[in-house]
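# Fold and geometry: a report
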Amino acid sequence: MNLIPYSALYIDMTYGQLATIMPEFVKPSDRQALKRELERKFLRLPHEKLLITLSVRTCWDLFFQVNNFPLGSEIILTAVNIPDMVRVIRYHGLIPIPVAIDLGHMKPSREALEKAISPRTKAIMISFIFGAEFDAEYVYDIAEKHKLPVVEDLAEAYRDTKRNGNPRAKISFFSFGSIKLNTCYGGGLNVIRDEELYNKMNAIHETYPIQPNYIFLKKIAKNMIPLIGLNSTFANRWGRFFLTTFGIEYKERFVAMLRGFPQNEDFLCKFRKQSSTALLAMLLLKMSTFEAESFKRKTAELIDAQSVLLKNGIQVPGHLNEDRVFW
């Protein structure tokens, strides 16, 4: 079987958007006003709360800080996941319990999920990787039967501000890192549907230092080379030719540039910060200018391309989901 998980070869950022955000580094906007506008754009139901964080990992860490589960408690999660999300679980003395997923839908079976639940289980996290957002209602039914909260990670399945997660989820994570759809070069928008939980998480979050704007400016500068190299056909083709000719391993260099956080900093310290004001402004700009209809058309084209691959014996993860996206 030939398998193509496909990779991100495009940075979803324009030079115009970068130019628009530059005044924030001279005269920053009001942080609270930016937050209110993001809440207005992203929230759909009266009981929903929006926690805007430096990273989705920040929110995941806050969830465990507030719940303070007993050491050795178990957190069920879909088997293919981001390593840092698993590291956060282990950091809190908890045990991640992965549940196998099928290739066609990228989802766990009902039987496997039921079997994974034990008296030590405290929460379930489902991740919609590669944009494969499967129908998860059966997960919520099982969770409700066992009185377990469900957290959903939609970091790779963003569509637009009108789709802010399943209303049955305790928390819905959305990430806007460098290689994500509608990237903001960072930031997490986390929809929380439990006021008490939100208040406690937000109270801790408010104690974190605010990341200075110059850090975000450095990230923009750092991402300029990947932006030019990946988004320009000419630069991509000849840049790879030049680097390969001289034996330069460009893939690792580009990955290092796109990495969200420095690797030499203490693991959770790098997430335990509030977003800079400039990042808040970027989040608002990108949420306000995202072209949902254009995105739908491009997604339809990619689904057509996916069907060609499938006809030729190449499997694409999540291809059985009719309502999917590509990140």
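Here, every reference points to the structure presented above.
We now turn to the structure provided with this report. Since the model is a prediction, treat every value here as computed from it, not as a measurement. (Residues numbered from 1 in each chain as written. Predicted model: local features only at pLDDT ≥ 70, side-chain atom pairs only at ≥ 80, totals over all residues. Heavy atoms only, no water.)

## Quick word on the environment of Lys-180
Here is the rule we go by: Per the convention used, a helix needs a DSSP run of H or I reaching at least four residues, while a strand needs a run of E reaching at least two, with both numbered from the N terminus. The contact rule is simple, with two residues in contact once any of their heavy atoms fall within 4.5 Å.
Summarising the element assignment, Lys-180 is placed in the loop between strand S7 (171-175) and strand S8 (188-192). On a C-alpha basis, the gap between Lys-180 and Tyr-10 in space is 9.4 Å, while along the polypeptide they are 170 residues apart. Apart from residues lying up to four places away in sequence, Lys-180 is in contact with Asp-12, Ala-155, Glu-156, Ser-175 and Trp-327.

## Considerations on unusual backbone geometry
What counts here: Relative accessibility decides the category of a residue: with a 1.4 Å probe and only protein chains considered, values under 20% of the type maximum give buried, values over 50% give exposed, and everything between is partly exposed.
One non-glycine residue, Phe-130, adopts positive backbone phi at about 55 degrees. Structurally, Phe-130 can be placed in the loop between strand S5 (121-127) and helix H6 (137-145). Non-glycine residue Lys-147 carries a positive phi angle of around 55 degrees. Residue placement: Lys-147 occurs in the loop between H6 and strand S6 (150-153). Given the relative accessible area of 75%, Lys-147 is considered exposed.

## Overview of the side chain of Gln-17
Relative to the elements of secondary structure, Gln-17 occurs in helix H1 (residues 15-21). If near-sequence neighbours (up to four positions away) are discounted, Gln-17 is found in contact with Asp-12, Leu-285, Lys-286 and Thr-289.

## Some points on the nonpolar core
Note the threshold: Residues grouped as a nonpolar core are buried Ala, Val, Leu, Ile, Met, Phe, Trp, Tyr and Cys residues, joined through side-chain atoms within 4.5 Å.
Judged by nonpolar contacts, the single largest core of 57 residues is most densely connected at Ile-126, Leu-189 and Leu-283. At 9 residues, helix H12 (residues 277-289) tops the list of elements feeding residues into this core. If sequence neighbours within four positions are ignored, Ile-126 has contacts with Thr-78, Phe-134, Ala-136, Val-139, Tyr-140, Val-150, Val-151, Glu-152 and Asp-153. If you look at the next biggest cluster of nonpolar residues, it comprises 28 residues, including Phe-69, Ala-123, Ile-192 and Leu-197.

## Focus on H6
Counting along an α-helix, one turn takes 3.6 residues, and residues three or four places apart therefore face a common direction. All of the buried residues along H6 are Tyr-138, Val-139, Tyr-140, Ile-142 and Ala-143. In this structure, the buried side of H6 is in contact with helix H5 (110-116), S5 and S6. Immediately beyond the C-terminal end of H6, within one or two residues, lies Lys-147, with a positive phi of roughly 55 degrees.

## Description of the packing of aromatic side chains
What counts is decided by this rule: Any two of the Phe, Tyr and Trp rings considered here, Trp counted by its six-membered ring, make a pair once their centres fall within 6.5 Å; the pair's planes then place it as stacked at under 30 degrees, edge-to-face at over 60, or tilted in between. A ring has a charge above it when a Lys NZ or an Arg CZ is no more than 6 Å from the ring centre and no more than 35 degrees off the ring normal.
All chains considered together, the criterion is met by 14 aromatic pairs. Ring centres of Phe-42 and Phe-174 lie 5.2 Å apart, and the angle between their planes is 85 degrees; on these two criteria the pair is classed as edge-to-face. Taken together, the residues span a long stretch of sequence, with Phe-42 in helix H2 (residues 31-42) and Phe-174 in strand S7 at a distance of 132 residues. We classify Phe-42 as buried; its relative accessible area is 1%. When the centroid spacing of 6.1 Å and the interplanar angle of 65 degrees are considered together, the rings of Phe-63 and Phe-69 count as edge-to-face. Judged on exposure class, the residue Phe-63 and its partner Phe-69 are both buried. The ring of Phe-267 has Arg-87 sitting right over it, with the charged end atom 3.8 Å from the ring centre.

## Concerning H2
So the rule is basically this: By this rule, a helix spans an expected 1.5 Å times one less than how many residues it contains. The arc in question is traced by the directions running from the helix axis to the C-beta atoms. Two N or O atoms form a polar contact when they lie within 3.5 Å of each other; inside protein one atom must be a possible hydrogen donor and the other a possible acceptor, and for residues adjacent in sequence the pair counts only when both atoms belong to side chains.
Over its 12 residues, H2 runs 16 Å from end to end, which matches the ideal 16 Å to within 8%, given 1.5 Å per residue. Taken as a whole, H2 has its buried residues at Arg-31, Leu-34, Lys-35, Leu-38 and Phe-42. Seen end-on, H2 carries its buried residues on one side only, within an arc spanning 100 degrees. Those residues of H2 that are exposed and aimed more than 90 degrees away from the buried face are Arg-36 and Arg-40. At its buried positions, H2 is contacted by strand S2 (49-53), S7, S8 and H12. One side-chain oxygen at the N-terminal end of H2 lies 3.3 Å from the backbone nitrogen of Gln-32; it belongs to Asp-30.

Nothing here speaks to function; it is all geometry.
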